[in-house]
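Observations on chain architecture
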Amino acid sequence: MTRINGFIGRRDFFKLAGTGGFAIAANALVGSLIGGTQKTAIADVNPANPNPVNADQALKLLLDGNQRFIHQQPQYPHQSLKHLQLVAKAQYPFAAVLGCADSRVPPELVFDQGLGDLFIVRVAGNVASDMVIGSLEYTTAVLGTPLIVVLGHKKCGAVAGALKNELLPGRIGYVVESIKLALAKIKSSDDAVIANIQYQKGKLLENSTILAKLLYEGKLKIVGACYDTDTGKVSMIT
Ligand SMILES: [Zn+2]
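Residues numbered from 1 in each chain as written. Predicted model: local features only at pLDDT ≥ 70, side-chain atom pairs only at ≥ 80, totals over all residues. Heavy atoms only, no water.

**A word on the nonpolar core**
Selection rule: Side-chain atoms within 4.5 Å link the members of a nonpolar core, which is a set of buried Ala, Val, Leu, Ile, Met, Phe, Trp, Tyr and Cys residues. When a residue's accessible area, from a 1.4 Å probe over protein chains only, is under 20% of the maximum for its type it is buried; when over 50% it is exposed; and in between it is partly exposed. The helix and strand labels rest on DSSP assignments: H or I over at least four residues marks a helix, E over at least two residues marks a strand, and numbering proceeds from the N terminus. Any two residues whose heavy atoms approach within 4.5 Å are treated as being in contact.
Core analysis: the biggest nonpolar cluster contains 36 residues, and Leu98, Leu136, Ile148, Val159, Ile179, Leu183 and Leu204 have the highest contact counts within it. By residue number, the principal contributor to this core is helix 6 (residues 130-142), which donates 6 residues. With near-sequence residues (within four places) excluded, Leu183 lies in contact with Val159, Ala162, Leu163, Ala192 and Ala195. Residues Ala95, Val105, Leu118 and Val234 belong to the second largest nonpolar core, which totals 18 residues.

Right, dumping it as structure tokens:
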């Protein structure tokens, strides 16, 4: 196995993952990330990226795409057969999105992006569960994605359910319970959506040493944003 300045090589990571060695590869990566002695840029994990962007450039790409979407001038980029075949070789998503599973908020459409552009984790209420965090650790630490957008949206049913504080059947209640803590003293549904975005964004750092370290080292930005289901516009949450 080759290593790049202490990190496990990306190619080796996938080789191991493909042969059942995912855990070994992941452990090696995590060890190097939290070991405290590693000073290598995260880009070295993903050295072959032909078009690397930083977090600010990534955010601009998303917001520009959203402008095209709301003005009904989409370019539908990176959706050709040729691009499909290109990204089949390797993926370099420039942004990760933690979004709600709501059918009205598909990130590739609302940001006018294509194959290989976005690493998307969608779950009702854009809840930052351990499973979600694991996926985001993978794209940032292994694939080198420099930006995570926590994307909530107006009229979110999961947030509305948490605000009503009613008992819900089955595992639906589990989703709502993961949001309730964000909503102390919140009354309106729009305020609740914003509060939940900020809360889940905080959970990413609180529950992930890897994300916190990447952020501290300036290799990652995490931002909150809200999608307006009436206009299609994405607004940043500060
Ligand atoms: Zn929702």
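Still more ground to cover, so stick around.
**As for the UniProt feature "binding site: Zn(2+)" (unreviewed entry) in the chain**
Which entries qualify depends on this criterion: UniProt positions are given in the numbering used here, feature names are shortened, and annotations may be inferred rather than shown by experiment. Nitrogen and oxygen atoms within 3.5 Å of one another constitute a polar contact, given that in protein one can donate a hydrogen and the other can accept it, and given that sequence-neighbouring residues count only through two side-chain atoms.
Residues annotated in UniProt with the feature "binding site: Zn(2+)" (unreviewed entry) correspond here to Cys100, Asp102, His153 and Cys156. These annotated residues cover 57 residues of sequence, but their C-alpha atoms sit close together, with the largest distance between any two at 8.8 Å. By secondary structure assignment, the location of Asp102 is in the loop between strand 3 (95-99) and helix 5 (107-110). The buried category is assigned to Asp102, whose relative accessible area is 16%. If near-sequence neighbours (up to four positions away) are discounted, Asp102 is found in contact with Arg122, His153 and Lys155. A polar contact of 2.8 Å, which involves the side chain of Asp102, links it to the side chain of Arg104. Mapped onto the elements, Cys156 comes out in the loop between strand 5 (147-153) and helix 7 (157-164). Under the relative-accessibility criterion, Cys156 is labelled buried at 5%. Every residue in contact with Cys156, bar those within four places of it in the chain, is listed here: Cys100, Gly125 and Val193.

**Structural notes on the pairing of strand 5**
Put simply, the rule reads: Two strands qualify as a pair provided that DSSP identifies no fewer than 2 bridges between them.
Within strand 5, 7 of the 7 residues are buried, leaving the element largely enclosed by the surrounding structure. Burial along strand 5 is two-sided: Leu147, Val149, Leu151 and His153 and Ile148, Val150 and Gly152, pointing in opposite directions, are all buried. Where strand 3 meets strand 5, 4 bridges bridge the pair, whose relative direction is parallel. For Leu98, the partnering residue across the bridge sits in strand 5 and is Val150. In terms of strand pairing, strand 5 meets strand 6 (residues 221-227) through 7 bridges, oriented parallel. What sits directly across from Leu151, in strand 6, is Ala225.

**Looking at the sheet that holds strand 6**
What counts, and what does not: The angle between two axes is taken between their N-to-C directions and runs from 0 to 180 degrees, where each axis is a line fitted to C-alpha atoms and a helix contributes only its stretch in contact.
Reading across the sheet, the 5 strands line up as 4-3-5-6-7 and stay open at both edges, with mixed pairing between neighbours. Looking along the sheet, the strands with just one partner apiece sit at the ends: strand 4 (118-122) and strand 7 (234-237). Here the strands of the sheet are splayed against their neighbours by 30° on average, with no regard to which way each runs. Inspection of the sheet shows strand 6 paired to strand 7 by 4 bridges, in the antiparallel sense. By the bridge assignment, Gly224 is partnered in strand 7 with Ile237. The strands that helix 3 (residues 55-70) touches are strand 3, strand 4, strand 5, strand 6 and strand 7; relative to strand 5, the one it contacts most, it runs at about 35°. Running over the sheet, helix 9 (residues 189-206) touches strand 3, strand 5, strand 6 and strand 7 and is turned about 160° from strand 6.

**Some remarks on the environment of Asp112**
Tracing the backbone through its elements, the reader meets Asp112 in the loop between helix 5 and strand 4. With 38 residues separating them in the primary sequence, Asp112 and Pro74 have C-alpha atoms 6.0 Å apart. In this structure, Asp112 is in contact with Gly65, Arg68, Pro74, Gln75, Tyr76, Pro77 and Pro107, ignoring residues within four places of it in sequence. A distance of 2.7 Å separates a polar atom in the side chain of Asp112 from the backbone nitrogen of Gln75.

**A short note on the coordination of the zinc ion**
Angles between donor atoms at a metal ideally measure 109.5 degrees for a four-coordinate tetrahedral arrangement and either 90 or 180 degrees for a six-coordinate octahedral one. Which entries qualify depends on this criterion: As a rule, N, O and S atoms within 2.8 Å of a metal are its donors, except that Na, K and Ca use 3.2 Å; water is not among the atoms, so sites may look incomplete.
Taken together, the protein donors to the zinc ion comprise Cys100 (SG), His153 (NE2) and Cys156 (SG), at separations of 2.0 to 2.3 Å. Spacing between the donor residues of the zinc ion along their common chain follows C-x52-H-x2-C. According to the relative accessible area criterion, His153 is buried, its value standing at 1%.

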